[in-house]
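So the chains spell out like this:
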Amino acid sequence: MPKNKGKGGKNRKRGKNEADDEKRELVFKEDGQEYAQVMRMLGNGRCEATCIDGVKRLCHIRGKMHKKVWIGAGDIILVGLRDYQDDKADVILKYMPDEARLLKAYGELPENTRLNEGIAGGLDEEEDGPGDDYIEFEDEDLDKL
């Protein structure tokens, strides 16, 4: 049998959930930073996000957050803009849902930002119009069947 030379297995890599529910101070954007909403995850530590200034950027999740903070579509994040590449940015922080609501209440996020949807702006509900989900039959049609 081989000798164990490592420091542990899979569970050691997972680590402890360090104070996940603990309240933290709300971080506002500074110059060179922008709020964004994740449109979709691309894999390899990257995501596509629409910034509040209206630009779609390819965002790279920094190593400190990689595999520790899980980011999904629709999440509000703080990104650091790059001086030399306007179409790319780096994820600095992921806001918890209650922090995102506070940002919206303080006026940092625009009112049309949808916070608790899976995909931002992608699933617009039809308003006051018939949907394609069902077919409505008349009584005469049912008698013929």
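Keep in mind that this is a model prediction, so the values were computed, not measured.

Draft legend 1. Summary view of the overall build of the chain. Scanning the chain from N- to C-terminus turns up 3 helices and 5 strands. The helix and strand sequence of the chain, counted from the amino end, reads α-β-β-β-β-β-α-α. Burial analysis of the chain (145 residues in total) assigns 26% to the buried set. Taking as baseline every contact in the chain between residues at least 6 positions apart, the subset at least 24 positions apart corresponds to 54%. As presented, the chain carries roughly 11,700 Å² of accessible surface, and 47% of it is formed by carbon and sulfur atoms.

Draft legend 2. Molecular detail of the pairing of strand 5 (residues 88-94). Looking at chain direction, strand 3 (residues 56-61) and strand 5 are connected through 4 bridges and run parallel. In the strand pairing of strand 5, Ile61 is matched with Val91. Direction of pairing for strand 4 (residues 76-81) relative to strand 5: antiparallel, over a ladder of 5 bridges. Note that in strand 5 the partner of Ile77 across the bridge is Lys94.

Draft legend 3. Fine view of the pattern of salt bridges. This model, assessed by the stated rule, comprises 8 salt bridges. Salt-bridge contacts for Asp86 lead to Arg57; the nearest nitrogen and oxygen are separated by 3.1 Å. With Asp86 in the loop between strand 4 and strand 5 and Arg57 in strand 3, the pair connects residues that are 29 residues apart, well separated along the chain. Judged by relative accessible area, which is 3%, Arg57 ranks as buried. A salt bridge links Asp90 to Arg82, with the shortest nitrogen-to-oxygen separation between them at 2.8 Å.

Draft legend 4. Structural detail: the nonpolar core. Core analysis: the biggest nonpolar cluster contains 13 residues, and Ala36, Cys59, Ile71, Ile77, Val79 and Val91 have the highest contact counts within it. Among the elements that make up this core, the one with the highest residue count is strand 2 (residues 46-51) (3 residues). Judged by nonpolar contacts, the second largest core, of 10 residues, contains Tyr35, Leu78, Leu103 and Leu109.

Draft legend 5. Broad picture of unusual backbone geometry. Positive phi, normally seen in glycine, also occurs at Asn44, with a value near 60 degrees. You can see Asn44 is positioned in the loop between strand 1 (33-43) and strand 2. Although it is not a glycine, Lys67 sits at a positive phi angle of roughly 65 degrees. Here Lys67 shows up in the loop between strand 3 and strand 4.

Draft legend 6. Geometry of the sheet that holds strand 3. Taken in spatial order, the 5 strands of this closed barrel run 1-2-3-5-4, and their pairing is mixed. On average, each strand axis in the sheet is tilted by 50 degrees relative to the strand beside it, whichever way the strands run. Pairing of strand 2 with strand 3, which is carried by 5 bridges, proceeds in the antiparallel orientation. Paired with Ala49 across the bridge in strand 3 is Arg57.

Here is what the cut-offs are and how they apply
Residues numbered from 1 in each chain as written. Predicted model: local features only at pLDDT ≥ 70, side-chain atom pairs only at ≥ 80, totals over all residues. Heavy atoms only, no water. Helix = DSSP H or I, 4+ residues; strand = E, 2+ residues; numbered from the N terminus. Buried < 20%, exposed > 50% of the residue type's maximum accessible area, 1.4 Å probe, protein only. Contact = heavy atoms within 4.5 Å. Areas by Shrake-Rupley, 256 points an atom, 1.4 Å probe, with all protein chains shown as cover. Pairing = 2+ DSSP bridges. Salt bridge = Lys/Arg side-chain N within 4 Å of Asp/Glu carboxyl O. Core = buried A, V, L, I, M, F, W, Y, C linked by side-chain atoms within 4.5 Å. Axes fitted to C-alpha atoms, helices over the stretch in contact; angles between N-to-C directions.

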